[in-house]
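# Breakdown of the fold
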Amino acid sequence: MKPTTEPQVATTSDIAEAGTAVWRRYLELTKPKVVALITFTAIVGTLLASPGLPPLDALIWGNLGIALASGCAATINHVLDRRIDEQMNRTRARPLPTGQLNERQALVFAAVLGTTAMAMLSFLVNLLTAVLTFASLIGYAVIYTVWLKRATSQNIVIGGAAGAAPPVLGWAAVTNTIDPNALLLFLIIFVWTPPHFWALAIARREEYARAGIPMLPVTHGVEFTRLQVLLYTVLLVIVTLMPFLTRMSGLLYLVVALGLNAGFLYYAFALKITARQELPMKVFKFSVNYLMWLFAALLADHYT
């Protein structure tokens, strides 16, 4: 006589756990750590645009709209890069390569995020911010991901313009203009992007080569890329002094910027003259903290 088994009944905790898992998969599509840094630089742009506290609608709805648009662009990037993600160790566990979500679900999610962001910025902030945010979204999700990433080793240099836009967007949310000081913040992130991303590309060179992506270490070699990281870091040092030289910021910012630049130069020189395998990822991780603390210094200086 065969033993009978009782049918498994899903409990409330099982259902809640499944719902949480699905929610986390959708959140992962937005690249939350990247969006958090993007939104932070946008918030700094919003706060620097006003001598005191900015209007709450610009601060809240403006930055929420920018964050949602960034999440939309990241989700589209997941869809378009699915084949590449399947071939790279650091991305093969993402929701689309693993089949946890399908492309249709991701595109619907991206459409909801993008539509909400554009409506929020257009009707609750101003049209200029909405237009600039949409242009940034298209620049990253379509122009960079579909064309530049696969077309040239200078992909991250040209495509970096989209990632450098958030402070300009945050500033425009307050002033409804494209301010020269906002463009200076744009320039800082634009110059920061190549050494930041090329350090990662050195660490993941074989994976990019396998996926057929012409990142600089793949097309020009690791030694050449190390030199470019150093040269761009030197340029970054010069650019990050400009807020002080233009009197946009004061001594507090200058002291922090000099300290951060000394650290970045140290890592860039070490990367150039040694072949330690752990260095590229150390440079990459330091560069993330560098940008965060640099913008925090701009903000602290503004309110002191």
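Anything mentioned here points back to the structure above.
In this text the structure is predicted, and so the values were computed from the model without any measurement. (Residues numbered from 1 in each chain as written. Predicted model: local features only at pLDDT ≥ 70, side-chain atom pairs only at ≥ 80, totals over all residues. Heavy atoms only, no water.)

The phi angle at asparagine 176 is positive, at roughly 60 degrees, despite the residue not being glycine. Assignment of secondary structure puts asparagine 176 in the loop between α8 (166-175) and α9 (180-203). A relative accessible area of 43% places asparagine 176 in the partly exposed class. The backbone of arginine 247 shows a phi angle near 65 degrees, a positive value even though the residue is not glycine. With respect to the helices, strands and loops of the structure, arginine 247 is situated in the loop between α13 (242-245) and α14 (251-273). In this structure arginine 247 comes out as exposed when scored by relative accessible area, which is 79%. (Helix = DSSP H or I, 4+ residues; strand = E, 2+ residues; numbered from the N terminus. Buried < 20%, exposed > 50% of the residue type's maximum accessible area, 1.4 Å probe, protein only.)

Under the counting rule described, the total for this entry stands at nine aromatic pairs. Ring plane angle 40 degrees and centroid distance 5.1 Å describe the contact between tyrosine 267 and phenylalanine 286, whose orientation is recorded as tilted. Residue tyrosine 267 is located in helix α14, and its partner phenylalanine 286 is located in helix α15 (residues 279-302); the two are separated by 19 residues in the primary sequence. Residue phenylalanine 286 is classed as buried on the basis of its relative accessible area of 19%. Taking the centre distance of 6.3 Å and the plane angle of 45 degrees together, the rings of phenylalanine 286 and tyrosine 290 count as tilted. (Phe/Tyr/Trp six-rings, centres within 6.5 Å; stacked < 30°, edge-to-face > 60°.)

Taken by themselves, the reported measurements are silent on function.
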